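# Fold and contact review
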Amino acid sequence: MMLPDVYYESRSFLKGKNMYVWCEPEVLDFAAKKNYTIHVSTETHLISLPFSDENAREFFSFFNDLSQHNPIVFGWNYKNLNSYFLGKVGKRLEFSKVYDLKIIESFHGENAGKPQNFDEAKRRLAATPNFSKYKKLWQEIYWPLVDEVVPAIENTPLTDTDKRKMVYPYYEIEGQVNGRMKCNGALTAGYNPHSLTVQVKNALNPTGYEDNFVYFDYKSMEVLVLQWLSNDWGLKEIINSDQDMYAGIWEKITGIACDESKRKICKELFLPVVFGQGYKTTAQNFNFSENTAKRLIDNIYSSFPNALEYVHKKTVNGQISDYFGRIRKFEDEGSFRVRNFLIQSPAAVICLHKLVKLYNKIKNISKICYHFHDGFCILVNNQNLKQVIALGQQSLTEDSDLYPGLRLKVAVKTSKRLIDI
C-alpha cells in the first residue's frame, strides 16, 4: 500500500533533524486492527502522521529511514513503537540516540505529563537532576529495555486454551512507585503476568510442543540487597556461611535452631520490622505476647544495627533519593513507605539490569515470556534446556560494576505447565 503524499512532503522537514515523538493512543496494540497517529516535533515543525495495520510496513520504512541521519530523539513511551513494529513488521526502529522522557522523569520523581513540542522536551531533559549520573543507567538498563528487551517479551505469546488464542503481556517501564515495571490488560489479546490466578495459569501454555517453562527466582533478594546497601556485618556473616538467610536470621535473634515453621515466621517477621513494624502489630500478627514481640524486635535491631540504621534515612524537603539516584516524594517522613523504598527501589534497578543481562545471554536459543519483580519466566525447547539453565544462573548471579560485591542466589524451576512453577 502506498502512503499518502503528505508523508513524502513532510520528509524534507524531518530528514536530518532532531525530533520529539509521541503516539495517540499511547498504547499501540499490534494484535488488533486500529488507527494511530504519530506526532513528530522538530525545532521548527509539528507534523502528525496517521498509520494503521494496513500501511504499517510502508510507514515503518518511511519513518525508519529518518534514523539513517542519526538524530537525537526524545520520546514518550517510545518502547510501544518498537513493540508495535516488531509485531507488525518483524523489525524494530533503528534510532540509537533516544531519550524517553516518560521513563526518565518518572525515575526522578516527576509526573508532569508528556511535553507538547520539541523545545519543551529538550528543556525538560536538560533540567533533569544529576542526569550525567543517570546516563549510565539509561545506557545499560533502560535503553536496552526500551529498544529491544521489553518489545521482545511483549511479542512472545502464550496460548490461552480458555480464550482459544495467543495472548501477550504489556509492560509500562518505571510504572510502579518503587521502580518495578507495571503490567495491565492494555492489549486486546493480553494477559497480566502480575496477577496469574490458578485458573489463568492452568490455561496458559507454550506455543511450541517441545517448549518448557523455566522460572528463575531470586532467593531473599531484598535482604541481600539490604546487606549490600548497609554493609551490615551480621547479615554478611550469614551470607558468608552459605546458610539460608532466614534460618540464619532466626538463629541469630533467638538462639534457637531453625526449622521450616520457624523459617516461615522469620520470613514474615524480619522485613516488616525493618520497614518499621512495631511490637504491638507483631504480637497481633503472630499471636505473641507483647513482651515476646518486643524482645524479638530489640534483638533484630541489636543483631543487625547497620541495616536498621540504613533505613532510618530522612527525607529532605519531602523527598528522598535511593542508592542509584531514583527520587520519590513522601509526606510521611521516616514511614514504612520510605524504608520500603530505600530497599525495593535499588532492588528493582538490579532486577531490571539482570533482565537485560539474561536476555542478551539467552536470546539466540530461548525467549523470555514474562518478568515478575524478581522472577524471570523463560520458554526453551528440550534441546537447549540445560544450556539455558546454566546461562541463566550465570547471568543472574555474576558481579557487576553497577553493584559490586552483591551476592545473589537464584532458584530454578522447570515444567511443561505454568501452574507447576
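Description of the structure in this document. Everything quoted here is computed from the prediction, not taken from an experiment.

Criteria and thresholds
- Residues numbered from 1 in each chain as written.
- Predicted model: local features only at pLDDT ≥ 70, side-chain atom pairs only at ≥ 80, totals over all residues.
- Heavy atoms only, no water.
- Helix = DSSP H or I, 4+ residues; strand = E, 2+ residues; numbered from the N terminus.
- Buried < 20%, exposed > 50% of the residue type's maximum accessible area, 1.4 Å probe, protein only.
- Contact = heavy atoms within 4.5 Å.
- Lys, Arg positive; Asp, Glu negative; His and termini not counted.
- Charge placed at Lys NZ, Arg CZ, Asp CG, Glu CD.
- Pairing = 2+ DSSP bridges.
- Phe/Tyr/Trp six-rings, centres within 6.5 Å; stacked < 30°, edge-to-face > 60°.
- Axes fitted to C-alpha atoms, helices over the stretch in contact; angles between N-to-C directions.
- Parallel < 35°, antiparallel > 145°, perpendicular 65-115°, else oblique.
- Left-handed = near helix turned anticlockwise from the far one by under 90°.
- Nonpolar A, V, L, I, M, F, W, Y, C, P; charged D, E, K, R; others polar.
- Right-handed = clockwise from strand over helix to strand, strands pointing away.
- Polar contact = N/O pair within 3.5 Å; in protein donor to acceptor, adjacent residues only side chain to side chain.
- Salt bridge = Lys/Arg side-chain N within 4 Å of Asp/Glu carboxyl O.
- Core = buried A, V, L, I, M, F, W, Y, C linked by side-chain atoms within 4.5 Å.

## Quick word on the overall build of the protein
- On a plain count of helices and strands, the protein comes out with 16 helices and 16 strands.
- Along the three orthogonal principal directions, the C-alpha set of the protein runs to about 80 × 55 × 35 Å.
- Considering the protein as a whole, with its 421 residues, one finds that 52% of them fall into the buried category.
- At a minimum sequence separation of 6, the contacts of the protein that also span at least 24 residues come to 65%.
- Averaged over its 53 positive side-chain charges, the protein has a centre that lies 2 Å from the centre of its 48 negative ones.

## A look at the sheet that holds strand β10 (residues 204-205)
- Pairing in this open sheet of 3 strands is antiparallel, and the strands run β7-β6-β10 from one edge to the other. Looking at which strands have only one partner, the edges of the open sheet turn out to be β7 (165-167) and β10.
- Note: strand β6 (residues 158-160) against β7, 3 bridges, orientation antiparallel. Note that in β7 the partner of Asp160 across the bridge is Lys165.

## Points about the packing of aromatic side chains
- One pass over the structure, following the stated rule, counts 31 aromatic pairs.
- Plain terms: the ring middles of Phe59 and Phe63 are 5.8 Å apart, the flat faces sit at 10° to each other, and that makes the pair stacked. With a gap of 4 residues between them, Phe59 and Phe63 both fall in helix α2 (residues 56-65), about one helical turn apart.
- Overall, the relative accessible area of 1% leaves Phe63 in the buried class.
- Seen from their ring centres, Phe107 and Tyr142 are 6.0 Å apart, and the 75° between their planes marks the pair as edge-to-face. In this pair, Phe107 is assigned in helix α4 (residues 101-107) and Tyr142 in helix α6 (residues 131-154), connecting sequence segments 35 residues apart.

## Here's the deal with the packing of α2 against helix α3 (residues 79-88)
- Running from N to C, α2 and α3 point in directions that differ by 130°, and their axes come no closer than 10 Å. Relative to α3, the element α2 is oriented oblique. Note on packing geometry: the crossing formed by α2 with α3 is left-handed. Where α2 abuts α3, its residues Ala56, Arg57, Phe59 and Phe60 lie against Tyr84, Phe85 and Lys88.
- Residues belonging to the contact of α2 with α3 are distributed by class as follows: 5 nonpolar, no polar and 2 charged.

## A look at the sheet that holds strand β2 (residues 35-41)
- Judged by pairing direction, the sheet is mixed, and its 5 strands sit side by side in the order β3-β2-β1-β4-β5 without closing on themselves. Every other strand in the sheet has two partners, leaving β3 (46-52) and β5 (97-100) as the edge strands with one partner each. Mean inter-strand twist for the sheet, computed between neighbouring axes without regard to direction, equals 25°.
- Direction of pairing for strand β1 (residues 19-24) relative to strand β4 (residues 72-75): parallel, over a ladder of 3 bridges. Paired with Tyr20 across the strands is Phe74, a residue of β4.
- The sheet contacts of helix α5 (residues 118-126) involve β1, β2, β4 and β5, and relative to β4 the element is tilted by about 90°.

## Structural notes on the environment of Arg11
- With respect to the helices, strands and loops of the structure, Arg11 is situated in helix α1 (residues 5-14).
- The residues touching Arg11, leaving out its near neighbours within four places in the chain, are Phe62 and Asp65.

## Quick look at the packing of helix α8 (residues 221-230) against helix α9 (residues 233-240)
- Taken N-terminus to C-terminus, the directions of α8 and α9 make an angle of 125°; their axes are 9 Å apart at the nearest point. For the element pair α8 / α9, the angle class is oblique. Crossing angle aside, the handedness with which α8 passes α9 is left-handed. Here Val223, Leu224, Leu226 and Gln227 of α8 lie close against α9, whose contacting residues are Leu235, Lys236 and Ile239.
- For the contact of α8 with α9, the per-class residue count stands at 5 nonpolar, 1 polar and 1 charged.

## Some details on the pairing of β4
- The sheet contact formed by β4 and β5 spans 4 bridges and is parallel. Residue pairing across strands places Val73 opposite Val98, the latter belonging to β5.
- Each parallel crossover has a hand, and the one from β4 via α3 to β5 is right-handed.

## Quick notes on the side chain of Asn82
- Within the secondary structure, Asn82 is located in helix α3.
- A distance of 3.2 Å separates the side chain of Asn82 from the backbone oxygen of Asp147, its partner in a polar contact.
- Once you skip the residues sitting within four places of it in the chain, Asn82 turns out to touch Lys91, Arg92, Leu93, Val146, Asp147 and Pro151.

## Description of the pattern of salt bridges
- Under the criterion given, the structure shown has 26 salt bridges.
- Note that Arg407 and Asp242 form a salt bridge whose closest N and O atoms lie 3.0 Å from each other. Of the two residues, Arg407 sits in the loop between α16 (385-397) and β16 (410-415) while Asp242 sits in the loop between α9 and α10 (245-254), which places them 165 residues apart along the sequence.
- Classification of Arg407 by relative accessible area gives partly exposed; the value is 37%.
- Assessed through its relative accessible area of 53%, Asp242 is described here as exposed.
- With its nearest N and O atoms 3.4 Å apart, the salt bridge here joins Lys262 to Asp259.
- In the salt-bridge network here, residues are joined through shared partners; they are Arg92, Asp147, Glu148 and Lys363.

## Details of the nonpolar core
- Phe63, Tyr142, Ile249 and Phe270 are the most contacted members of the largest nonpolar core, which totals 139 residues.
- Per-element accounting of this core gives the leading share, 14 residues, to helix α15 (residues 336-362).
- Excluding its chain neighbours within four sequence positions, the residues that come into contact with Phe270 are Val223, Leu226, Leu235, Tyr246, Ile249, Ile300 and Phe304.

In short, geometric facts, not functional conclusions.
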